[in-house]
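Close look at the chain arrangement
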Amino acid sequence: MAGPAAFETPLMKQYNAIKAKYPGALLLFRVGDFYETFGEDAIKASAVLDITLTKRGNGSASEIELAGFPHHSLDNYLPKLVRAGHRVAICDQLEDPRSVKGIVKRGVTELVTPGVSYNDNVLERKQNNFLASVVLQKNATGVSFLDISTGEFFAAQGSETYIFKLIQSFAPAEIIFAKSNREKLEAQFTDAYSTFALDEWVYAFDFAQEKLLNQFKTASLKGFGIENMPEAITAAGAILHYLEATEHKDTQHITSISRIDEEKYVWLDKFTIRNLELVNPQQEGGVALLQVLDHTLTPMGSRQLRKWMILPLKELSSIAERHAIVDTFFSEQELTEKLTEELRNITDLERLISKVAVGRINPRELLQLKKSLQRIAPIKKLISDQASPQLQKVGDLLHACEFLVEKIDKELRDDVSIHSNQGGIIKDGINAELDELRGISGSGKDYLLQAQKREIERTGINSLKISYNKVFGYYLEVSNANKDKVPTDWIRKQTLVNAERYITEELKVYEEKILGAEEKIGAIEQKLFLDLVLQAADFTAPIQQNARAIAMLDCLLSFASVARQNKYVKPDLNDSKVIDIKSGRHPVIEKQLSISESYVPNDIYLDNETQQILVITGPNMAGKSALLRQTALIVLMAQIGSFVPADAATLGIVDKVFTRVGASDNLSKGESTFMVEMTETASILNNLSDRSLILMDEIGRGTSTYDGVSIAWAIVEYLHNHKDFKPKTLFATHYHELNQLTEDLVRVKNFNVSVREVGDKIIFMRKLKSGGSEHSFGIHVAQIAGMPNKIVLRANEILHFLEKDKHKNEPRKKLEELPKSTNQISLFELDPRHKAVEEILQKIDINTMSPVEALLKLNEVLSALKKS
Ligand SMILES: Nc1ncnc2c1ncn2[C@@H]1O[C@H](COP(=O)(O)OP(=O)(O)OP(=O)(O)O)[C@@H](O)[C@H]1O
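Just so it is clear, the structure is predicted and the values come from calculations on it, not from any experiment. (Residues numbered from 1 in each chain as written. Predicted model: local features only at pLDDT ≥ 70, side-chain atom pairs only at ≥ 80, totals over all residues.)

1. Concerning the packing of helix H6 (residues 205-216) against helix H7 (residues 230-245)
- The geometry of H6 relative to H7 is characterised by a closest axis approach of 7 Å and an angle of 65° between their N-to-C directions. In this view, H6 runs roughly perpendicular relative to H7, as classed from their interaxial angle. Like other packed secondary-structure pairs, H6 and H7 cross with a definite hand, here left-handed. The segment H6 lies against H7, with Phe205, Phe207, Ala208, Gln209, Lys211, Leu212 and Gln215 engaging Pro230, Ile233, Thr234, Ala236, Gly237, Ala238, Leu240 and His241.
- Tallied by class, residues from the contact of H6 with H7 come to 9 nonpolar, 5 polar and 1 charged. (Axes fitted to C-alpha atoms, helices over the stretch in contact; angles between N-to-C directions. Helix = DSSP H or I, 4+ residues; strand = E, 2+ residues; numbered from the N terminus. Parallel < 35°, antiparallel > 145°, perpendicular 65-115°, else oblique. Left-handed = near helix turned anticlockwise from the far one by under 90°. Contact = placed C-beta atoms within 7 Å. Nonpolar A, V, L, I, M, F, W, Y, C, P; charged D, E, K, R; others polar.)

2. Quick notes on the environment of Ala238
- Secondary-structure assignment places Ala238 in helix H7.
- Note on Ala238: 26 C-beta atoms within 10 Å, which makes it buried.
- C-alpha of Ala238 to C-alpha of Lys165: the two residues are 73 residues apart in sequence and 21 Å apart in space. (Buried ≥ 20, exposed ≤ 12 C-beta atoms within 10 Å, placed from the backbone.)

3. What about the sheet that holds strand E18 (residues 572-574)?
- Taking strand neighbours across the sheet as the criterion, the 4 strands line up as E18-E22-E19-E20 in an open arrangement whose pairing is mixed. The two strands at the open ends of the sheet, each matched to only one other strand, are E18 and strand E20 (602-606). Strand-to-strand, the axes of this sheet are offset by a mean angle of 10°, without reference to chain direction.
- Bridge count for strand E19 (residues 579-584) against strand E22 (residues 648-652) is 4 bridges, and the pairing is antiparallel. Note on E22: the bridge partner recorded for Ile579 is Leu651.
- Strand contacts of helix H22 (residues 624-640): E18, E19, E20 and E22, with the helix running at about 115° to E19, the strand carrying the most contacts. (Pairing = 2+ DSSP bridges.)

4. Quick look at the UniProt feature "binding site: ATP" (unreviewed entry) in the chain
- With numbering aligned to this structure, UniProt lists the feature "binding site: ATP" (unreviewed entry) at Gly618, Pro619, Asn620, Met621, Ala622, Gly623, Lys624 and Ser625.
- Residue position: Pro619 is located in the loop between strand E21 (613-617) and H22.
- Classification of Pro619 by C-beta neighbours within 10 Å gives buried; the count is 23.
- Mapping Met621 onto the fold places it in the loop between E21 and H22. (UniProt positions renumbered as here; feature names shortened; annotations may be inferred.)

5. Focus on the environment of Ser692
- For Ser692, the location among the structural elements is in strand E24 (residues 692-697).
- According to the C-beta neighbour criterion, Ser692 is buried, with 21 such atoms within 10 Å.
- Here the alpha-carbon distance between Ser692 and Gly423, two residues 269 residues apart in the chain, equals 62 Å.

So this is what it looks like as structure tokens:
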């Protein structure tokens, strides 16, 4: 590729100057009806967009790569570039090329980055598109999240672990930070997120605070509850700067910022969110809890639910409010049906009003906004008529925006297109001049039809047609066969293969009148439409408030609908430290079972006094993990306001949920090292509280049995004997040795997930029973899984050998004594009964045997074979 110095045409000079202002961005450069990319950008764009890459001379000896697409395809191509991780600068022509001589003025009108987008094709309807800004400081780490498409703006600060966890939960589309924090944050986030480093000065507190005060037009940040959070303020201010730098200067819809208060929400460690599959399944094709709970009807509802899921509440009263509303919906079938019907007709109010604020709304969207707003009044009435004070409170938040609805209804036509420049937007009777011009335009068209008729009569050319094109306006088209009938006063304009095109003086006069009128109509309609948009912008705050209230109703309605469908019950939440679940089920697994299977419910009881830690043993596949997860899921569902899959649940508020799964479960993620397992376990142990719920699933299995048992043992002891806290713990393990813990630790109780052995087979009962289990059945599972019989037999042999001498402290020596396996399969190895027969036969000494003894032996062999 040629270097910049080689680009000598004036156009390329202009291109280079603009390109230099947006380092790191792919520049879409508008030339005529095309967006062009050059050089490296062209190579990237052609690869991502699958468009042709060409080369062209640029006024010097060198050539430059070129790839472009028609301007009207921007909405198709832009999202693809952004999704491929590019920052895209859109450079437009800033003046009408027809009115300038020489080079048209151009400038970047928007820098679209993964985290800053209004484009419906980039955005997911059901998900927020957050931009995150992070600041690492000595005292604390700060973070801010903004979804420019909805106007939601959050800030938080705290420990680095907490902030990184929040980032993981919010899953932003892009993360920005100061260059000085680059090394650490890139190492942390670049694999999973788009990142961008900004100059240091952007992350200065004073600068950031000023930006926020200007944005909200307030004298202090007190009203937002963040005035004493310098790191959060710095992160948030940097976001506002970034919007400006990316040419997103219309930000009137960002009207406030909310503090994410660490104290208000349950602490979910990063494994919990992933392991419990709250919002995303761990494996492709899997199902997350969110999918089961999401029966929402509006995009706002869906997005809200996702936020609720990652931020379960700790405050009893707030949870109770949600439960009360779900309860009303649950029992009032008629109310839910009516509300459901109304919500179905509400579109994305939140994103539409953002588009209004930044002047990006099209006529059809404004019509949708009106239609959605028309549903607010009936909803308000429906819920305000209810006895529930909680529902009435939500009703108070709703604002019918009558003035705006009436205005749009009166002025905007019901059949508008998405384009604001194609006319047909404003109704008749709104603007006198518009009506008059429409009259002229309409009658002009009539006139043309009459003229066509007259000319046909005059010339006798029956196929004569008056048509229009942009190049020479209205014309008469005559086929070659009729050419000689053309009168002399017609002026020939164009010759086609089969026809000739003419204009006449009369046509020209009318054309001017009609086109003049249409142009004026377009201008007036556009102005009236803009007035409507401005009017709507005045309603930004109430519409945003409506959107949030509707989102909340939608989520709660969804909870009620899911509860009814899946037979959930209202949990009884209280201040105690008891978790008492009767016949609890796993909300996701129970949905996945086939009709012939049914989920086996289980009771779980945990408290801080008598039953703090359950050591749950049982064979592989018995359902230990399912039981652990369902317990945490039930607790979390309850604390986000949902009903729960159980017959009854009395739950003391939980403030932290920790999850650790033995290393090999995460093998596919390349995180299986024992070291990681231990580090994470350590971090749990260092952050305990009295209301914590801990799930430990086969901790220690990433190392040798002896190490594993010892570590697991020590962890249980630690959790039991902690001087300050008695965190409730479910500890699933294969190590039945841990059952001995109950001998010394009073609040540890043994349970097992029962199975029944029927002959060689085991039947999974999935029932949690009090008491430990004898052995781990792993070999049976291997057999079920289709492991070659030879291996199963050999494993059994080794197991028996090891178990026989378990309590002697000479494992190595014993292993050496283990009978060596041969690689050949003998007849006796194919079936365990044959092994027994072999043992009998080998002991026989036929030289000393009487015939009767031989018969008896034969009988012994036969009965060994009959044993199943
Ligand atoms: N209570 C239940 N009712 C019906 N099916 C269940 C139940 N619990 C678990 N299952 C089914 O059994 C499968 C295995 O359960 P789970 O993974 O919990 O076993 P596990 O004991 O943890 O096994 P491993 O030790 O191998 O991890 C689940 O995927 C689920 O399909």
